[in-house]
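Residue-level structure breakdown
Read off the chains here:
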Amino acid sequence: MELIQKELADAIGISARQVRNLTNQGVFEFVSGKKKYNLAAAVQEYIAFKINAETKRGTSVNKEQEQAEHERVKKEISKIKLRKLRREVHEAEDVETFLMAMLLNFRSRILMIPTKIAPEMLGENDINVIINKLNEELLDVLDELSEYDPEKISGEDLDDEEEDEEDDNDEAEKF
């Protein structure tokens, strides 16, 4: 079945101008020697055109989504690095090492209290003096637990962090 431009537009559901534009783009072909279109061929050509357009657009959307996700991840990494430089966050391994050392030291100091206090309290009959001396020693040991120094946790100096950051930037500039 052969159709003119307007009839093909009505059959496919697009405008006559769109049919003309698609013909100029090489999507539709005229029946040889006539200014008419073969309906069956034109429908197939239009379907192929739409599938191709959707496939390309779908690919670009996926690429755009991937790029957006990549940028979001880079932004998160930058935020974490900044917080690390400000000593607001620490590596889990560093915190674990710091806490383990601190708790082992605390345990040792607590266990040493009786050995340290016993000779001083030998012969002391006043219970208040004994209690005050024990409290003094316990508070001294407990004060150690309240000490927080971000420098001790990370085990790195700020200068080392800045050099690492500069190295990262140099590497990024190479690409």
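Source: prediction; values computed, not measured.

Considering the overall build of the chain
Scanning the chain from terminus to terminus reveals seven helices and two strands. The N-to-C order of helical and strand elements in the chain reads β-α-α-β-α-α-α-α-α. Counting over 175 residues, the chain shows a buried share of 16%. When contacts within the chain are restricted to residue pairs at least 6 apart in sequence, those whose partners lie at least 24 apart make up 58%.

Quick look at the environment of Thr97
Relative to the elements of secondary structure, Thr97 occurs in helix 4 (residues 92-121). Using a relative accessible area of 51% as the deciding quantity, one classes Thr97 as exposed.

Description of the pattern of salt bridges
All chains considered together, the criterion is met by eleven salt bridges. A salt bridge links Arg72 to Glu69, with the shortest nitrogen-to-oxygen separation between them at 2.8 Å. Here Glu69 and Arg72 lie together in helix 3 (residues 39-85), a separation of three residues that amounts to about one turn. For Arg72, a relative accessible area of 44% translates into the label partly exposed.

A short note on a nonpolar patch on the surface
Residues Leu99, Leu103, Ile110, Leu138, Leu139, Leu142 and Leu145 make up a contiguous nonpolar surface patch of about 550 Å² in total accessible area. Among the elements of the structure, helix 4 and helix 5 (127-146) are those that each provide at least two residues to the nonpolar patch. Top element by residues in the nonpolar patch is helix 5. It accounts for four residues. Classification of Leu139 as exposed rests on a relative accessible area of 53%.

Here we look at the packing of aromatic side chains
Evaluation of the coordinates by the stated rule reveals four aromatic pairs. Between Phe28 and Tyr37 the ring centres are 6.0 Å apart and the planes differ by 70°, which places this aromatic pair in the edge-to-face class. Each ring, one from Phe30 and one from Tyr37, has its centre 4.9 Å from the other, and the planes form 35°; the classification is tilted. An aromatic cluster of three or more residues is present, and its members are Phe28, Phe30, Tyr37, Tyr46 and Phe49.

Here is what the cut-offs are and how they apply
- Residues numbered from 1 in each chain as written.
- Predicted model: local features only at pLDDT ≥ 70, side-chain atom pairs only at ≥ 80, totals over all residues.
- Heavy atoms only, no water.
- Helix = DSSP H or I, 4+ residues; strand = E, 2+ residues; numbered from the N terminus.
- Buried < 20%, exposed > 50% of the residue type's maximum accessible area, 1.4 Å probe, protein only.
- Contact = heavy atoms within 4.5 Å.
- Salt bridge = Lys/Arg side-chain N within 4 Å of Asp/Glu carboxyl O.
- Patch = residues over 30% accessible without salt bridge, like charges linked within 9 Å, V, L, I, M, F, W, Y side chains within 5 Å.
- Areas by Shrake-Rupley, 256 points an atom, 1.4 Å probe, with all protein chains shown as cover.
- Phe/Tyr/Trp six-rings, centres within 6.5 Å; stacked < 30°, edge-to-face > 60°.

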